[in-house]
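Spelled out, the chains give:
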Amino acid sequence: MESPWRPRRNRSSRIIRDLTAETVPDRKKLIMPYFVVEGRDKREQIASMPGIDRVCIDNLLKDVESDMKAGIESVLLFGIPAEKDDVGSGAYAEDGIVQRAVSSLKREFPELMVITDVCLCEYTSHGHCGIVSNGTVANDPTLELLEKTALSHARAGCDMVAPSDMMDGRVGRIRQALDADGFENLPILSYAVKYSSAFYGPFRDAAGSAPQFGDRRAYQMDCRNAREALREALLDEEEGADILMVKPALAYLDIIAAVRSATDLPLCAYNVSGEYSMVKIMAAQGFGNERALAVEILTSIFRAGADMIISYHTRDVCREQWF
Ligand code: PBG
């Protein structure tokens, strides 16, 4: 017999569905990543990430201009230098690719929120996120280079720095370096909980940053661990992070929810390259609807507790008003 106390919400009414929706995805909470390369008139399609290109600074300005018209307000920059070396000099060069991209963007679009990824892996010949000595990544000597990188981005005019390297102690060191140089008000968005993940595959193809030997398991997290995520998150909070990030997002929704309830800091999630490409490839093969897939994934990340999401779908969401 049917219970007399069953809920009487009428789900066939779109209006009631909207009124009772618990999670409302908002495109103002999305951040669009860009890959910037040296040169002029450059636009290279990234085979593993359909719809995303590597662009030179001139084309970056054009893309950002049209993206801003579509409503994008926040961007995350990744630089790919012309040359890489074993200490990742391009990451902290005053005239490095990201530094020049930031100053051009802020000159053209002062109101744009420009966030920079602070890491060495796109700039090192060996593809690791830090300095390598005796075949392993040396945590402490890397910190100084990360400080220099964050400072160079700040001096170029970025609005926020996002360290993604996962070296221990880098948030505190970057905070001190920024404060000492007059950037007391520049926030740090910390990739606090970053798992060693197969979902970064397309990104490494895009940035040419696949490790040339070994893997990143020495400094990125093991997907079997959840308590460790809280420890990483709380340490970064203690060191002065302003926003915490969990990455990847889709296979880590439980981690997003757990970090959300463990701290009051704003929480960001990174809907990474592999999560994006899965949707693109399914849609291209006719196995699913791109909009429906992307909206469901992004909504689930918000539902898990993210306040904001870095996503390669941002451009399509905004241009095509998916939400
Ligand atoms: C740099 C960095 C990576 C990503 C963001 N910052 C790659 C990595 O750790 O290998 C991945 C983003 C993505 O897959 O979209 N350390």
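Thresholds, definitions, all that
- Residues numbered from 1 in each chain as written.
- Predicted model: local features only at pLDDT ≥ 70, side-chain atom pairs only at ≥ 80, totals over all residues.
- Heavy atoms only, no water.
- Helix = DSSP H or I, 4+ residues; strand = E, 2+ residues; numbered from the N terminus.
- Rg over C-alpha atoms; globule rule 2.2 N^0.38 Å.
- Buried < 20%, exposed > 50% of the residue type's maximum accessible area, 1.4 Å probe, protein only.
- Contact = heavy atoms within 4.5 Å.
- Areas by Shrake-Rupley, 256 points an atom, 1.4 Å probe, with all protein chains shown as cover.
- Expected span 1.5 Å × (residues − 1).
- 1 Å grid on protein atoms, 1.4 Å probe; cavity = no way out; pocket = protein on both sides within 12 Å on 5 of 7 lines; lining within 4 Å.
- Points joined across faces, edges and corners; volume = space filled by probe spheres on them.
- Nonpolar A, V, L, I, M, F, W, Y, C, P; charged D, E, K, R; others polar.
- Core = buried A, V, L, I, M, F, W, Y, C linked by side-chain atoms within 4.5 Å.
- Salt bridge = Lys/Arg side-chain N within 4 Å of Asp/Glu carboxyl O.
- Phe/Tyr/Trp six-rings, centres within 6.5 Å; stacked < 30°, edge-to-face > 60°.
- Lys NZ or Arg CZ within 6 Å of the ring centre and 35° of its normal.
- Pairing = 2+ DSSP bridges.
- Right-handed = clockwise from strand over helix to strand, strands pointing away.
- Near = heavy atom within 4 Å.
- Polar contact = N/O pair within 3.5 Å; in protein donor to acceptor, adjacent residues only side chain to side chain.
- Sits in = over half its atoms within 2 Å of the grid points.

A.B. asks: Which residues make up the overall build of the protein chain, and what values do they have?
C.D. replies: Each helix and strand in the protein chain was counted, giving 11 helices and 12 strands. The globule rule puts the C-alpha radius of gyration for 323 residues at 20 Å, and the 20 Å found for the protein chain is close to it. Principal axes of the C-alpha set define a box for the protein chain whose edges measure 70 × 45 × 40 Å. Burial status across the protein chain gives 53% buried among its 323 residues. Counted over contacts in the protein chain with a minimum sequence separation of 6, partners at least 24 positions apart contribute 74%. Element-wise, carbon and sulfur atoms account for 49% of the exposed surface of the protein chain, whose accessible area totals about 15,000 Å².

A.B. asks: Could you give an account of helix α3 (residues 97-108), with specific residues and numbers?
C.D. replies: Here α3 contains 12 residues, and its C-alpha end-to-end distance of 17 Å stays within 8% of the 16 Å for a straight helix at 1.5 Å per residue. Listed as buried for α3 are Ile-97, Val-98, Gln-99, Ala-101, Val-102, Ser-104, Leu-105 and Lys-106.

A.B. asks: Could you give me a rundown of empty space enclosed by the protein, with the residues and numbers involved?
C.D. replies: One pass over the full model with this rule turns up 1 cavity of 30 Å³ or more. For the largest cavity, the calculated volume is near 150 Å³. Around the largest cavity sit 19 residues that line it, and Cys-121, Lys-194, Tyr-200, Phe-203 and Lys-247 are the ones nearest its centre. If you list the elements that add at least two residues to the lining of the largest cavity, you get β9 (189-194) and α6 (201-207). Here the residues of the lining of the largest cavity sort into 9 nonpolar, 4 polar and 6 charged.

A.B. asks: Please give an account of the nonpolar core that cites residues and values.
C.D. replies: Formed by 106 residues in total, the largest nonpolar core has its most connected members in Phe-35, Leu-77, Leu-105 and Val-193. Those residues in contact with Leu-77 that lie beyond four places of it in its chain are Tyr-34, Val-36, Leu-60, Ala-101, Val-102, Leu-105, Val-114, Ile-115, Thr-116 and Asp-117.

A.B. asks: Any chance you could break down the pattern of salt bridges for me, citing the residues and the numbers?
C.D. replies: Per the counting criterion, the structure on display carries 22 salt bridges. In this structure, the salt-bridge partner of Arg-175 is Asp-179, at a minimum N-O distance of 3.0 Å. Residue Arg-175 and its partner Asp-179 are located together in helix α5 (residues 170-180), separated by 4 residues, close to a single helical turn.

A.B. asks: I'd like a description of the packing of aromatic side chains, backed by residues and values.
C.D. replies: Under the counting rule described, the total for this entry stands at 8 aromatic pairs. Both rings, one in Phe-35 and one in Tyr-312, keep their centres 6.3 Å apart while their planes meet at 5°; by these two values the pair is stacked. Remark: Tyr-312 occurs in the loop between β12 (308-311) and α11 (314-319) and Phe-35 occurs in strand β1 (residues 30-37); sequence separation between them is 277 residues. Judged by relative accessible area, which is 0%, Phe-35 ranks as buried. Among the residues examined, Tyr-312 registers a relative accessible area of 1% and is labelled buried. A ring pair is formed by Tyr-191 and Tyr-270, whose centres lie 6.1 Å apart and whose planes are at 45°; its orientation type is tilted. Of this pair, Tyr-191 sits in strand β9 while Tyr-270 sits in strand β11 (residues 267-271), and the two are 79 residues apart along the sequence. The exposure class assigned to Tyr-191 is buried, which follows from its relative accessible area of 0%. Given the relative accessible area of 2%, Tyr-270 is considered buried. A connected cluster of aromatic rings, assembled from ring pairs, spans Phe-35, Phe-78, Tyr-191, Phe-203, Tyr-270, Tyr-276 and Tyr-312. Positioned over the ring face of Tyr-200 is Lys-247, at 4.5 Å from the centre of the ring.

A.B. asks: Outline helix α2 (residues 57-69), supporting the account with residue identities and numerical values.
C.D. replies: Across its 13 residues, α2 extends 18 Å between first and last C-alpha, which sits within 8% of the 18 Å expected from 1.5 Å per residue. Listing the buried residues of α2 in full gives Ile-57, Asn-59, Leu-60, Leu-61, Asp-63, Val-64 and Asp-67. Buried positions along α2 lie against β1, β2 (43-45), β3 (53-55), β4 (74-80), α3 and α11. Backbone geometry just downstream of α2 places Gly-71 in the positive-phi region, at approximately 115°.

A.B. asks: Describe in detail the pairing of β4, supporting the description with residues and values.
C.D. replies: Each regular strand carries side chains that alternate between the two faces of the sheet. With 7 of 7 residues buried, β4 lies mostly within the body of the structure. Here β4 shows no split at all, with Ser-74, Leu-76, Phe-78 and Ile-80 on one side and Val-75, Leu-77 and Gly-79 on the other all buried. Bridging between β1 and β4 involves 6 bridges; their strand directions are parallel. Bridge pairing in β4 places Met-32 opposite Val-75. Sheet topology places β4 next to strand β5 (residues 113-118); 4 bridges connect them, and they run parallel. Each residue of the ladder has a partner; that of Leu-77, found in β5, is Thr-116. With α3 bridging β4 and the parallel β5, this β-α-β connection has right-handed handedness.

A.B. asks: With reference to specific residues and values, describe the site of the ligand.
C.D. replies: Near the ligand there are 18 residues, and of these Lys-194, Arg-204, Lys-247, Ser-273 and Tyr-312 occur at the shortest range. Between a nitrogen atom of the ligand and a side-chain N or O atom of Asp-117, the distance comes to 3.4 Å. A distance of 3.0 Å separates an oxygen atom of the ligand from a polar atom in the side chain of Gln-220. About the coverage of the ligand: the protein hides 100% of its 410 Å² of free accessible area. When atoms are counted within 2 Å of each cavity's grid points, the one that captures over half of the ligand is the largest cavity.

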